[in-house]
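# Summary of the model geometry
Here's the letter readout for the chains.
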Amino acid sequence: MTVWIDQPIWPAHGRHFAHLVSDASYLELHEVARRAGLPARAFDGDHYDVPDERWHEVVAAGATPTNGLDLARRLNASGLRLRKRKRDRGVARHLDVDFPNGPSHVDLVLSGVPVDPDRVAASMLFVRDAAGSFAAVYSVRRDQWGSPGGWREPGEGPLENAIRETWEETGLLVDPDTVVPCGYERFTPLTADNIITPEAPYLQVYRTTLSATTPALTDGDSGIRETRWMTPREYAAHCGRLFWWPLAVAVFPDLDG
């Protein structure tokens, strides 16, 4: 077992917390947290926040005590650390995800604050109708279902990018005043010829809710094989195993279960 916990000395919300991490895999980290009865909301992308009154329970569940410096060193060396801005919430870090443009590590982060637009390579928009269904598109390039989105064009801002892609892929003309940022994906490409670069590693994620129920969708552009409105259950059935799904659940908790 390679799960570690530091001392509960970190103040927050009127309490003190420790950090629970693994230096080998997220699976064993989640297993120790499950045995200790930690709630899912305690997970912050690469660690669990453990309140001081639960510290002994987590140690009994299999965590090895250490100090904060050693814990940070082990997490950094493992490659499992998810870096994020203050007040953003880490959702998940996926290693060696295979994409048409080459493999990448991917960080999923929940945030209502957009990232630096100069570092955004692409945008995506979660579109829900008035009844809660999702506008879904089947990408020819990725060979899978998802929400509308794609690469930025020259001179285009991330929000313009999301609205244009939604129009081209679904025929929905979205009011930009109804669109809000809800998170981002950060890519670390593992090959030198990857389209994603260290200078622009982000996909900005937005959300919007329409006032109509299942408005008509077009067949999409040449990059789209099919378009469809999906209930939350259908959306989960088609996309629940994809790398970005944990971010969708973080944005829309009703998708969980």
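Residues numbered from 1 in each chain as written. Predicted model: local features only at pLDDT ≥ 70, side-chain atom pairs only at ≥ 80, totals over all residues. Heavy atoms only, no water.

## With respect to the overall build of the chain
Summing up its helical and strand segments, the chain has 6 helices and 14 strands in all. Over its C-alpha atoms the chain spans a radius of gyration of 20 Å, differing by no more than 12% from the 18 Å that the globule rule assigns to 257 residues. The C-alpha extent of the chain, read off along each of the three principal axes, is 55 × 40 × 30 Å. Buried positions account for 49% of the 257 residues belonging to the chain. (Helix = DSSP H or I, 4+ residues; strand = E, 2+ residues; numbered from the N terminus. Rg over C-alpha atoms; globule rule 2.2 N^0.38 Å. Buried < 20%, exposed > 50% of the residue type's maximum accessible area, 1.4 Å probe, protein only.)

## Overview of the environment of Pro100
Looking at where Pro100 falls in the secondary structure, it is placed in the loop between strand S6 (89-97) and strand S7 (104-110). A sequence separation of 42 residues divides Pro100 from Arg142, and the C-alpha atoms of the two residues are 6.7 Å apart. Leaving out residues up to four positions away in the same chain, Pro100 has contacts with Arg141 and Arg142. (Contact = heavy atoms within 4.5 Å.)

## Digging into the packing of aromatic side chains
Scanning the entire structure with this criterion turns up 12 aromatic pairs. With a centroid separation of 5.6 Å and an interplanar angle of 70°, the aromatic rings of Phe99 and Phe187 are classed as edge-to-face. With Phe99 in the loop between S6 and S7 and Phe187 in strand S12 (residues 180-189), this residue pair connects regions lying 88 residues apart in the sequence. Residue Phe187 is classed as buried on the basis of its relative accessible area of 9%. Plain terms: the ring middles of Phe134 and Tyr235 are 4.3 Å apart, the flat faces sit at 10° to each other, and that makes the pair stacked. Remark: Tyr235 occurs in helix H5 (residues 232-239) and Phe134 occurs in strand S9 (residues 134-139); sequence separation between them is 101 residues. An aromatic cluster is present here, built from Phe126, Phe134, Tyr235, Trp244, Trp245 and Phe252 joined pairwise through their rings. Lying over the aromatic face of Trp4, Arg74 brings its terminal NZ or CZ to 3.7 Å of the ring centre. (Phe/Tyr/Trp six-rings, centres within 6.5 Å; stacked < 30°, edge-to-face > 60°. Lys NZ or Arg CZ within 6 Å of the ring centre and 35° of its normal.)

## Quick look at helix H4 (residues 158-170)
If you check H4, its first and last C-alpha atoms are 18 Å apart, about what 13 residues at 1.5 Å a residue would give, namely 18 Å. Packed against the buried residues of H4 are strand S8 (120-128), S9, strand S11 (149-151), strand S13 (202-209) and strand S14 (224-230). Gly171, located one to two residues past H4, shows a positive phi value of around 80°. (Expected span 1.5 Å × (residues − 1).)

## Side note on the nonpolar core
Side chains of nonpolar character tend, in soluble globular proteins, to be buried together. Grouped together as the largest cluster of nonpolar side chains are 34 residues, with contacts concentrated most on Phe126, Tyr235, Trp244, Trp245 and Leu255. When contributions to this core are tallied by element, the ones reaching two or more residues are S6, S7, S8, S9, S12, S13, H5 and helix H6 (245-251). A total of 6 residues in this core trace back to one element, the largest contributor, which is H6. With near-sequence residues (within four places) excluded, Trp244 lies in contact with Leu108, Phe126, Gln144, Trp145, Gly146, Glu185, Tyr235 and Cys239. (Core = buried A, V, L, I, M, F, W, Y, C linked by side-chain atoms within 4.5 Å.)

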